[in-house]
2 protein chains.
Amino acid sequence: MKDQSPLENLRVVLSRPRHPGNIGATARAMKTMGVMRLDLVRPGRFPDPEADALASGADDVLASARVHEKLAGALEGCVLVAGFTSRPRDLSHPPRALRDAATELAAAARESAVALVFGNETTGLSNAELSQCQRMVMIPASSRYASLNLAAAVQVACYELAVAASAHSLAPARSRKRAKAEDVEALHAHIEQAMIASGFLRPAHPGRLMQRLRRLAARVELEKEEVAILRGMLASFERRRAEEG
Amino acid sequence: MKDQSPLENLRVVLSRPRHPGNIGATARAMKTMGVMRLDLVRPGRFPDPEADALASGADDVLASARVHEKLAGALEGCVLVAGFTSRPRDLSHPPRALRDAATELAAAARESAVALVFGNETTGLSNAELSQCQRMVMIPASSRYASLNLAAAVQVACYELAVAASAHSLAPARSRKRAKAEDVEALHAHIEQAMIASGFLRPAHPGRLMQRLRRLAARVELEKEEVAILRGMLASFERRRAEEG
């Protein structure tokens, strides 16, 4: 399909949602904005009658929702992953306001799968989860009380994406071929292993080395071919070592 | 107060809301966006424990909510009244999309009281109610399923008003310390030398390898500290080789 809506490539990922009611309300929020694909990572209870009740007319979104053991599974195939947070976090990239981020996310979704990731109701996204996101997005909120309900946050996010996808006739996306989330993860694993082998990274005292490198990679939006080059380079370093050793 | 936030002049009016849970969720949605005044017209049940439960930390909004017999009472003192509808209506003014309307509403709220009016969960605003509104506002939604939950609609509306009022601004981006050109050049030289040593880059047939890596580095705008990390990593690969060789 040539001119498919960017919304068809968009998926909402809820990581460790506790309340089934929030899952149902999320499905409804998504569907009102034309977003149909929902992925759940270790939901507290699912399926559940409370989710069904709050989904209202969005039972089809719930019925086709996929459940995963790990966040990585929910991100498979995505070229761009945006993690939502209600506060600036120490590590990784500084958060961007939703409206600014929406343009880029909608443009990317024109070509390939894009994920909007929301964390647990109480604790939000963990640092490990955020490290799998290339973008950190904040919904601007009151400094006195910034605690949006989970489904309400999804509603606002999908609304912004829908407006960005429709209102502006988007410029055609660059013809860059973005690397998929799983390929970038494999690259990180490869780098980590090579650094451990060389003694640069000591597993007992890892510090923030991998975080720094992940932040770097997230910023650059690696292309498929670039990942291949970097992995080839790493392999050559390792091979050489093996031959010489 | 001269420079008060427009949000302080904003009030949300729910006309004939049936479910107390929606009233509580509305209070929470408002407060996250800095909107504190809630007016209720003939609510189904209020106050109610269900409203309290869903208000979460916004119990103050509920506690100060005013209850009216008629819509006119809830609109007292307002210079501009915007009625929300999920579908175009026969009568009077054509609806405007929320984003377009938000600018005007936020500007008016700088000076005087402005009301955002939402109707009953099932039937929406009646024609009589809409006739008391000077603006008709639509939240753009999917043509296949446009039924936003009441509190979700309030969340999106207050979010748009808050953005329009620029009441919130994100923390300034971290001041990144960019690497100097000569340090980036030194990194490129280091990479090239390491790749030649490992056999990944053959000087006789360099291809476009270095160009690709330079393009990658240019895109990411390396920080000073990142260059140091990457060079340290390369050095560890080389050292290890030397020790093993």
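Overview of the structure. A quick note: this is a predicted structure, and the numbers were derived from the prediction, not measured. (Residues numbered from 1 in each chain as written. Chains lettered and ligands numbered in written order. Predicted model: local features only at pLDDT ≥ 70, side-chain atom pairs only at ≥ 80, totals over all residues. Heavy atoms only, no water.)

1. Here we look at the sheet that holds strand β5 (residues 96-97) of chain A
Residues and elements named next belong to chain A. On the basis of which strands lie adjacent, the open sheet formed by seven strands has the order β3-β2-β1-β6-β4-β7-β5 and parallel pairing. The outermost strands of the open sheet, each flanked by one partner alone, are β3 (66-68) and β5. As paired strands, β5 and strand β7 (residues 135-138) are joined by two bridges and run parallel to one another. Opposite A97, over in β7, you have M138 as the bridge partner. Packing against the sheet, helix α1 (residues 20-32) makes contact with β1 (10-15) and β2 (37-41), and its axis sits at approximately 155° to β2. (Pairing = 2+ DSSP bridges. Helix = DSSP H or I, 4+ residues; strand = E, 2+ residues; numbered from the N terminus. Contact = heavy atoms within 4.5 Å. Axes fitted to C-alpha atoms, helices over the stretch in contact; angles between N-to-C directions.)

2. Some details on the nonpolar core
Judged by nonpolar contacts, the single largest core of 93 residues is most densely connected at L38 and F118 of chain A together with L38 and F118 of chain B. With twelve residues, the top contributor of residues to this core is helix α7 (residues 150-166) of chain A. Once residues lying within four places of it in the same chain are set aside, the contact partners of L38 of chain A are V12, L14, I23, T26, M30, V61, L62, A65 and R66 of chain A. Membership of the second largest hydrophobic core comes to 38 residues, among which are A194 of chain A together with L187, A194 and I229 of chain B. (Core = buried A, V, L, I, M, F, W, Y, C linked by side-chain atoms within 4.5 Å. Buried < 20%, exposed > 50% of the residue type's maximum accessible area, 1.4 Å probe, protein only.)

3. Here we look at the packing of aromatic side chains
With the rule as written, the count across this model stands at three aromatic pairs over all chains. Between F84 of chain A and F118 of chain A, the ring centres sit 4.4 Å apart and the planes meet at 20°, which makes this aromatic pair stacked. Residue F84 of chain A is found in strand β4 (residues 78-84), and its partner F118 of chain A is found in strand β6 (residues 113-118); the two are separated by 34 residues along the sequence. Both residues of the pair, F84 of chain A and F118 of chain A, count as buried. For the cation-ring pair, K31 of chain A lies above Y145 of chain B, with the distance from its terminal atom to the ring centre recorded as 5.0 Å. (Phe/Tyr/Trp six-rings, centres within 6.5 Å; stacked < 30°, edge-to-face > 60°. Lys NZ or Arg CZ within 6 Å of the ring centre and 35° of its normal.)

4. Quick word on the pairing of β2 of chain A
Residues and elements named next belong to chain A. Within β2, four of the five residues are buried, leaving the element largely enclosed by the surrounding structure. Handedness of the β1-α1-β2 crossover: right-handed. Sheet topology note: the β2/β3 ladder contains three bridges and is parallel. When the sheet's bridge partners are listed, D39 is paired in β3 with R66. (Right-handed = clockwise from strand over helix to strand, strands pointing away.)

5. Describing empty space enclosed by the protein
Taken as a whole, this structure holds three cavities of 30 Å³ or more when the rule is applied. Looking at the largest cavity, its volume works out to about 520 Å³. Around the largest cavity, the lining comprises 24 residues; the ones closest to its centre are L216 and L230 of chain A together with I191, L216 and L230 of chain B. The residue makeup of the lining of the largest cavity, split by class, is 22 nonpolar, two polar and no charged. Of the voids in this model, the second largest cavity is the one considered here, and its volume is about 100 Å³. Around the second largest cavity sit 13 residues that line it, and V79, Q134, V184, E221 and L222 of chain A are the ones nearest its centre. Element by element, the count of residues in the lining of the second largest cavity is highest for β4 of chain A, at three residues. In terms of residue class, the lining of the second largest cavity is built from nine nonpolar, one polar and three charged. (1 Å grid on protein atoms, 1.4 Å probe; cavity = no way out; pocket = protein on both sides within 12 Å on 5 of 7 lines; lining within 4 Å. Points joined across faces, edges and corners; volume = space filled by probe spheres on them. Nonpolar A, V, L, I, M, F, W, Y, C, P; charged D, E, K, R; others polar.)

The analysis is restricted to geometry; functional conclusions fall outside its scope.
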